[in-house]
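Read off the chains here:
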Amino acid sequence: MRGVKVPKKEAEKVRKQLLELNLLDINFKVKHQGDFVIFPVKDKIEGFEIVETTFEKAIRRPQSYREVVDIPEELFPLLPSSFDIIGDIAIIELPEELFPYGENIGKAILKVHKHIKAVFAKGSKVLGEYRVRELIHLAGEKRTETVHRENGIRLKLDVAKVYFSPRLATERMRVFEKTREGEVIFDMFAGVGPYSILLAKKAKIVFACDINPWAIRYLEENKKLNKVENVVPILGDVRKVAGQIEADRVIMNLPKFAHEFLREAITSVKRGGVIHYYGFSHEDNLFDEHIEMIERAAEELGKSVKILEKRKVRPYAPYQFNIAIDFAVF
């Protein structure tokens with residue numbers, strides 16, 4: 001087999017060149033010979049010493065659980081291409097046809113992703129006022145508590161007792177970057193604190209409300225875990241808290257029902273303050289309906305709004321998107 005022979009001191013530079021040219025054959029191991037390194041290559045290449053030799057077959061690590069999973073061949077098209085990873089727990093959404101093979105799927109995920117210690121399947125949609133879902137254990141450890149890391153913070157939580165989406169990490173950082181030093185922030189549906197703990201790095205104080213006692217318990221723990229003192233956890237209905245706080249910035253991360261709390265948000269923000277509103281929309285009409293509700297709520301309170309930004313956050317379901325609208329209140 002053909003190889004490129006180079007002195008050891010030049011090996012790393014040449015390896016990068018071969019990769020860029022798509023000439024390095026990654027199916028075989030690089031060979032070491034005294035003070036030289038021999039790279040397996042797919043084709044002839046000018047400017048290098050070419051040798052004929054034998055190479056050991058490389059043991060290629062699978063990149064996806066779908067490469068190693070044991071299920072009937074006709075069901076392969078039904079395998080999800082992705083799943084949520086929260087801390088060291090994986091949560092996958094399986095169609096009904098794949099549930100009989102759930103254990104095999106869970107074991108395949110553990111085999112490929114060594115940092116994952118437990119795998120669960122979504123057993124229901126997000127339900128109830130606590131926004132939690134039933135989880136079905138597939139493989140690995142039988143525990144639902146973990147520590148998730150994102151945006152330089154750590155969040156302890158129980159995936160069976162609180163709502164948390166790792167897919168919003170980029171959106172949370174976007175809001176953090178817009179936050180100014182010394183702001184008063186009202187996180188209306190705080191959960192375990194992914195917004196609150198992050199924004200506390202800039203804010204003067206963060207009022208973090210949630211109706212789920214488990215969320216508030218973990219939020220208290222996450223304050224200690226991240227050494228932030230300026231987060232005030234509030235257990236209770238946000239309707240009873242609204243109006244008692246005068247915030248520079250309000251977070252409304254409750255996409256399914258945020259429109260029902262617009263009056264509460266608007267009465268809790270200072271003149272010129274910003275509200276980050278989240279909702280769900282069909283792709284045919286992403287923003288108009290939500291903006292109409294925002295403007296109507298403001299008008300009923302004798303106020304006006306200015307839309308600052310509107311964006312798609314992520315796909316939510318077929319033809320459905322999680323959307324964000326930032327607006328200022330005057």
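Asker: So what exactly am I meant to see when it comes to the overall build of the chain here?
Answerer: For the chain, the count of helices and strands is eight helices and 17 strands. The C-alpha atoms of the chain give a radius of gyration of 26 Å, which is well past the 20 Å a tight globule of 330 residues would have. Taking the principal axes of its C-alpha atoms as reference, the chain extends roughly 80 × 45 × 45 Å. Within the chain, buried positions represent 48% of all 330 residues. Within the chain, residue pairs in contact and separated by at least 24 positions form 61% of the contacts whose partners lie at least 6 positions apart. Accessible surface, the chain as shown: approximately 17400 Å² in total, 49% of it carbon and sulfur. In the chain, 55 side chains carry a positive charge and 50 a negative one; their mean positions are 5 Å apart.

Asker: Teacher, can you tell me more about the side chain of Asn322 here?
Answerer: Checked against the element boundaries, Asn322 lands in strand β17 (residues 320–329). Within the structure, Asn322 has its side chain in polar contact with the backbone oxygen of Gly279 (distance 3.2 Å). Once residues lying within four places of it in the same chain are set aside, the contact partners of Asn322 are Leu168, Pro255, Tyr278, Gly279, Phe280, Lys312, Val313, Arg314 and Tyr316.

Asker: Would you explain the packing of aromatic side chains in this entry?
Answerer: Evaluated as defined, the whole model comprises five aromatic pairs. When the centroid spacing of 5.2 Å and the interplanar angle of 70 degrees are considered together, the rings of Phe189 and Phe261 count as edge-to-face. A residue pair is termed long-range when its members are at least 10 positions apart, and Phe189 in the loop between β11 (184–187) and α4 (194–199) and Phe261 in the loop between β14 (247–252) and α7 (262–266) qualify at 72 residues. The exposure classification of Phe189 matches that of Phe261, with both residues buried. Ring centres of Tyr195 and Tyr278 lie 6.3 Å apart, and the angle between their planes is 45 degrees; on these two criteria the pair is classed as tilted. A residue pair is termed long-range when its members are at least 10 positions apart, and Tyr195 in helix α4 and Tyr278 in strand β15 (residues 269–282) qualify at 83 residues. What makes Tyr278 buried here is its relative accessible area of 1%. Taking NZ or CZ as reference, Lys5 lies 4.8 Å from the ring centre of Phe36, over its face. Its guanidinium or amino end placed over the ring of Phe321, Lys312 lies 4.5 Å from that ring's centre, counting from NZ or CZ.

Asker: Explanation requested: the sheet that holds strand β2 (residues 31–33) in the structure shown.
Answerer: What holds strands together in a sheet is hydrogen bonding between their backbones, with the strands either parallel or antiparallel. Spatial strand order, β2-β3-β1-β4: four strands in an open sheet with antiparallel pairing. Among the strands making up the open sheet, the edge pair consists of β2 and β4 (49–52). Strand-to-strand twist across the sheet, computed as the mean angle between neighbouring axes with direction ignored, equals 35 degrees. Bridge count for strand β1 (residues 2–7) against strand β3 (residues 36–40) is five bridges, and the pairing is antiparallel. Note that in β3 the partner of Val6 across the bridge is Val37. Contacts between helix α1 (residues 11–20) and the sheet are confined to β1 and β3, with β3 contributing the most and set at about 10 degrees to the helix.

Asker: Would you mind showing me how to read the layout of surface pockets here?
Answerer: Where empty space is left can be seen by rolling a probe of water-molecule size over the atoms. By volume, the second largest pocket amounts to about 350 Å³. The wall of the second largest pocket is formed by 22 residues, among which Glu129, Phe189, Ile211, Leu254 and Phe261 lie closest to the centre. Taken together, the elements giving at least two residues each to the lining of the second largest pocket come down to β12 (205–210) and α6 (238–241). For the lining of the second largest pocket, the class distribution of residues is twelve nonpolar, four polar and six charged.

Asker: Can you walk me through α1 in this structure?
Answerer: Of all the residues in α1, the buried ones are Ala11, Val14 and Leu18. Looking straight down α1, one finds that the buried residues subtend no more than 65 degrees of arc, so they occupy a single side. In this structure, α1 carries Lys13 and Glu20 as exposed residues pointing more than 90 degrees from its buried face. Considering only its buried residues, α1 is in contact with β1 and β3.

Reading guide: rules and limits
Residues numbered from 1 in each chain as written. Predicted model: local features only at pLDDT ≥ 70, side-chain atom pairs only at ≥ 80, totals over all residues. Heavy atoms only, no water. Helix = DSSP H or I, 4+ residues; strand = E, 2+ residues; numbered from the N terminus. Rg over C-alpha atoms; globule rule 2.2 N^0.38 Å. Buried < 20%, exposed > 50% of the residue type's maximum accessible area, 1.4 Å probe, protein only. Contact = heavy atoms within 4.5 Å. Areas by Shrake-Rupley, 256 points an atom, 1.4 Å probe, with all protein chains shown as cover. Lys, Arg positive; Asp, Glu negative; His and termini not counted. Charge placed at Lys NZ, Arg CZ, Asp CG, Glu CD. Polar contact = N/O pair within 3.5 Å; in protein donor to acceptor, adjacent residues only side chain to side chain. Phe/Tyr/Trp six-rings, centres within 6.5 Å; stacked < 30°, edge-to-face > 60°. Lys NZ or Arg CZ within 6 Å of the ring centre and 35° of its normal. Pairing = 2+ DSSP bridges. Axes fitted to C-alpha atoms, helices over the stretch in contact; angles between N-to-C directions. 1 Å grid on protein atoms, 1.4 Å probe; cavity = no way out; pocket = protein on both sides within 12 Å on 5 of 7 lines; lining within 4 Å. Points joined across faces, edges and corners; volume = space filled by probe spheres on them. Nonpolar A, V, L, I, M, F, W, Y, C, P; charged D, E, K, R; others polar. Arc of directions from axis to C-beta.

Remember that the coordinates give geometry; whether it matters functionally is a separate question.
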